[in-house]
Amino acid sequence: MSDPKVAALSEKTIRAGFWTIGARLISRGLDFLTLLVLARFLGPADFGLVATAMTVIFVLEAVLELPLISVLIRMPEISDRAYNTAFTLGLLRGLLLTIIMITLSYPLALFYGDDRLMILISTLSAAPALRGMVSPRMVIFDKAMSFQQRGMLEIVSKAAAAAVAITLAIATQNYWAIAAGTLTVPAVMVIFSYVIAPMWPRLTIADWPLFERMISWNLVSQTLTAINWQMDRILLPRFVDTAAFGRFAAANDLASLPSQAIAIPATVPLVSAFVVAQENNRLREAYLKSSSGFCLVLLPVLVFLAVCSNPVINVLLGPKWTEAAPILAGLALVAIPTLPTMPVFPLALALNRFRDLAIRSGVEFLFRLPLSLAGVILFGIPGAIIARLGSAIVVCMSSLILTKAMCGIGLQDQLAVTIRPFMAVIPACGALLVCQYAFRYDDQLVIELFATGLAYCLTYTASAVAFWYMAGRPEGVEASILGLATSLIRAR
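Reading the values: rules and limits
- Residues numbered from 1 in each chain as written.
- Predicted model: local features only at pLDDT ≥ 70, side-chain atom pairs only at ≥ 80, totals over all residues.
- Heavy atoms only, no water.
- Helix = DSSP H or I, 4+ residues; strand = E, 2+ residues; numbered from the N terminus.
- Buried < 20%, exposed > 50% of the residue type's maximum accessible area, 1.4 Å probe, protein only.
- Contact = heavy atoms within 4.5 Å.
- Areas by Shrake-Rupley, 256 points an atom, 1.4 Å probe, with all protein chains shown as cover.
- Axes fitted to C-alpha atoms, helices over the stretch in contact; angles between N-to-C directions.
- Parallel < 35°, antiparallel > 145°, perpendicular 65-115°, else oblique.
- Left-handed = near helix turned anticlockwise from the far one by under 90°.
- Nonpolar A, V, L, I, M, F, W, Y, C, P; charged D, E, K, R; others polar.
- Polar contact = N/O pair within 3.5 Å; in protein donor to acceptor, adjacent residues only side chain to side chain.
- Disulfide = S-S within 2.5 Å.
- Patch = residues over 30% accessible without salt bridge, like charges linked within 9 Å, V, L, I, M, F, W, Y side chains within 5 Å.
- Salt bridge = Lys/Arg side-chain N within 4 Å of Asp/Glu carboxyl O.
- Phe/Tyr/Trp six-rings, centres within 6.5 Å; stacked < 30°, edge-to-face > 60°.
- Core = buried A, V, L, I, M, F, W, Y, C linked by side-chain atoms within 4.5 Å.
- pLDDT = per-residue confidence, 0-100.

### What to know about the overall build of the protein
Thinking step 1. Scanning the protein from N- to C-terminus turns up 23 helices and zero strands.
Thinking step 2. Taking all 492 residues of the protein together, the buried fraction comes to 54%.
Thinking step 3. Sequence separation of 24 or more characterises 83% of the internal contacts of the protein that already satisfy a separation of 6 or more.
Thinking step 4. For the protein, the exposed surface amounts to about 22,000 Å²; the carbon and sulfur share of it is 69%.

What follows is the structure in structure tokens.
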């Protein structure tokens with residue numbers, strides 16, 4: 001029999017996940033809509049130019065990322081002084097990033113050989129400063145595992161950005177439409193956050209000691225993680241033309257969409273759930289359930305993108321982007337090895353194990369740097385994809401070992417939760433092959449791709465449920481989802 005406390009925590013976590021993931025799916029849907037329109041009015045070279053500018057900003061922003069929300073969540077009671085300290089640290093971080101980016105804009109324009117990057121990077125550098133001004137009192141909802149407010153914040157900001165970018169793209173057909181949309185997101189988030197969680201911030205660092213230890217190790221971890229994450233995007237613009245890099249950037253955005261829409265928004269709910277699970281001595285069960293859930297949801301999406309990359313690219317971006325299809329297939333496949341270990345990051349946040357995250361990032365960096373340098377210089381985009389695969393395997397192995405050190409779960413037990421999702425995807429791939437044999441993906445491309453996706457989803461769902469029943473209906477994400485669905489039906 002299942003523990004009522006565990007079941008209640010699982011249901012609460014899944015409800016929170018539905019809100020955050022649902023909001024992220026809507027926001028990514030708005031991103032899709034924006035991408036569809038922009039791809040019709042702008043070319044790969046425009047996307048490549050903005051992607052080059054944003055890559056440098058992403059790296060520096062990730063390097064100087066401060067875990068302010070994680071620190072506040074762990075506080076039993078949050079004082080006004082702690083809120084003001086968090087606001088001040090976030091603002092100082094944003095201003096520092098803006099100054100650094102403006103300073104580097106000219107050398108970076110020289111390095112990449114494009115004068116347009118100087119003004120573009122300087123303009124986009126305002127985004128980190130705006131993000132640093134979001135109301136820290138939003139953490140009140142995170143501590144209560146109520147994520148409707150944060151979901152609405154993301155949806156409203158993305159909708160505003162989509163409207164701005166689409167309007168400017170149609171009117172100007174210029175890459176500045178992408179930049180304007182990028183800046184709109186943090187600007188609207190700042191305004192809307194103070195409507196949801198009002199406060200009158202004051203500049204102070206009086207509570208700096210509460211943040212110091214976590215920030216110091218986080219700086220090391222984030223620096224290495226950011227470089228690992230964006231290494232190929234840093235190197236490629238130097239060795240391939242702008243249009244080719246634009247295709248890589250677009251394919252990378254599509255391949256990372258599943259984790260952006262599901263894994264990342266689930267981080268804060270999982271941190272809260274792991275903290276509660278640790279207090280109830282249920283951390284092992286909570287971690288394995290979350291790992292199984294990520295595999296169950298993300299694996300079929302990545303496999304579908306890899307197998308159907310050509311019709312997906314043609315439907316979403318148009319025929320002029322066809323050369324991005326093999327890139328999308330490769331990037332989707334190399335993301336699969338990291339699925340079982342996706343909950344490691346929120347687990348480390350919940351246990352305050354930033355030092356271990358820094359060690360893991362360091363190990364990845366030692367492997368990825370030489371692989372990426374050799375791959376990109378010798379083979380360009382295919383070399384970058386191969387380097388990612390090697391890095392993904394290293395991350396998977398080091399994360400399995402780290403999880404065992406943090407909460408005592410053996411490697412075999414961690415990998416065992418992935419068996420059912422991988423078994424379920426095999427019949428679903430058979431459905432894909434049948435559809436590809438039956439359809440031409442030509443005149444009725446959208447309808448045929450939709451039919452293929454529907455057949456794939458139905459086959460995968462039926463297979464997943466069948467394997468779950470064959471395994472004796474064990475406690476896991478399947479049981480939690482079915483239980484939540486049953487309770488909602490009964491309530492209605």
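### Observations concerning the environment of aspartate 46
Thinking step 1. Inspection of the secondary structure puts aspartate 46 in helix H2 (residues 44–63).
Thinking step 2. Taking C-alpha positions, aspartate 46 is 7.3 Å from glycine 246, a pair spaced 200 residues apart along the chain.
Thinking step 3. Residues within four places of aspartate 46 in sequence aside, it is in contact with Tyr175 and Ile178.

### Re the packing of helix H8 (residues 148–172) against helix H9 (residues 176–196)
Thinking step 1. One can describe the packing of H8 onto H9 by two numbers: an axis separation of 8 Å at closest approach and a directional angle of 150°. Taken together, the axis directions place H8 and H9 in an arrangement best described as roughly antiparallel. Pair H8 / H9 crosses with right-handed handedness. In contact with Gln149, Met152, Leu153, Val156, Ser157, Lys158, Ala160, Ala161, Val164, Ala165, Leu168 and Ala169 of H8, H9 contributes Ala177, Ala180, Gly181, Thr184, Val185, Val188, Met189, Phe192, Ser193 and Ile196.
Thinking step 2. Along the lines of polarity and charge, the residues of the contact of H8 with H9 split into 16 nonpolar, five polar and one charged.

### Details of helix H15 (residues 309–316)
Thinking step 1. With six of its eight residues buried, H15 lies for the most part within the structure.
Thinking step 2. Listing the buried residues of H15 in full gives Ser309, Pro311, Val312, Ile313, Asn314 and Leu316.
Thinking step 3. Once H15 finishes, glycine 318 follows within two positions and takes phi at roughly 105°, a positive value.

### As for helix H16 (residues 325–334)
Thinking step 1. Burial analysis of H16 places eight of its ten residues in the buried class, the great majority of the element.
Thinking step 2. Among all positions in H16, only Ala325, Ile327, Leu328, Ala329, Gly330, Leu331, Ala332 and Val334 are buried.
Thinking step 3. Where H16 is buried, its residues contact helix H11 (242–255), helix H14 (283–307), H15 and helix H19 (381–407).

### Let's talk about the side chain of threonine 403
Thinking step 1. Tracing the backbone shows threonine 403 in helix H19.
Thinking step 2. Note on threonine 403: relative accessible area 0%, which makes it buried.
Thinking step 3. Polar side-chain contacts of threonine 403 include one of 3.3 Å to the side chain of tyrosine 287.
Thinking step 4. The contact partners of threonine 403, leaving out residues within four places of it in the chain, are Tyr287, Val344, Leu347, Gly408, Ile409 and Gln414.

### Quick word on the environment of alanine 306
Thinking step 1. Structurally, the position occupied by alanine 306 is in helix H14.
Thinking step 2. Separated by 22 residues in sequence, alanine 306 and leucine 328 have C-alpha atoms that sit 6.6 Å apart.
Thinking step 3. Those residues in contact with alanine 306 that lie beyond four places of it in its chain are Ala329, Ala332 and Leu333.

### A word on the packing of H14 against H16
Thinking step 1. Across the interface, H14 lies against H16 with an axial gap of 7 Å and an inter-helix angle of 155°. By the angle between their directions, the pair H14 and H16 is classed as roughly antiparallel. Considering only the axes of H14 and H16, their crossing is left-handed. Each of Leu302, Leu305 and Ala306 in H14 lies in contact with H16, whose residues at this interface are Leu328, Ala329, Ala332 and Leu333.
Thinking step 2. Residue classes in the contact of H14 with H16 are distributed as seven nonpolar, no polar and no charged.

### Concerning the state of the cysteines
Thinking step 1. One pass over the structure, following the stated rule, counts zero disulfides.
Thinking step 2. Lacking any disulfide linkage, cysteine 429 is separated from the closest cysteine sulfur, that of cysteine 308, by 9.2 Å.
Thinking step 3. Taking relative accessible area as the criterion, cysteine 429 reaches 24% and is therefore assigned partly exposed.

### Quick word on a nonpolar patch on the surface
Thinking step 1. A contiguous nonpolar patch, built from Phe239, Leu369, Leu373, Ile377, Leu378 and Phe379 and spanning about 590 Å² of accessible area, is present on the exposed surface.
Thinking step 2. Here the nonpolar patch takes five residues from helix H18 (residues 354–379), the largest share from any one element.
Thinking step 3. Within the secondary structure layout, leucine 373 lies in helix H18.

### Here's the deal with the packing of aromatic side chains
Thinking step 1. Applying the stated criterion across every chain, the model contains five aromatic pairs.
Thinking step 2. Residues phenylalanine 274 and tyrosine 287 carry aromatic rings whose centres are separated by 6.3 Å and whose planes lie at 35° to one another, so their mutual orientation is tilted. Taken as a pair, phenylalanine 274 in helix H13 (residues 267–279) and tyrosine 287 in helix H14 lie far apart in primary sequence, 13 residues in all. Each member of the pair, phenylalanine 274 as well as tyrosine 287, carries the same accessibility label: buried.

### Some remarks on the nonpolar core
Soluble globular proteins: nonpolar side chains tend toward being buried together.
Thinking step 1. Judged by nonpolar contacts, the single largest core of 97 residues is most densely connected at Leu117, Leu120, Leu124, Leu236, Val312 and Ile313.
Thinking step 2. For this core, the element with the highest residue contribution is H14, accounting for 13 residues.
Thinking step 3. Beyond its immediate sequence surroundings of up to four residues, leucine 117 is in contact with Leu49, Thr52, Ala53, Leu108, Ala109 and Tyr112.
Thinking step 4. Among the nonpolar cores identified, the runner-up in size contains 13 residues, and Ile73, Met75, Leu89 and Phe211 belong to it.

### Quick look at the confidence of the model for the protein
Thinking step 1. Per-residue pLDDT for the protein has a mean of 81; in total, 85% of the residues score no lower than 70.
Thinking step 2. Element-level mean pLDDT values for the protein span from 62 in helix H1 (residues 4–41) up to 94 in H16.

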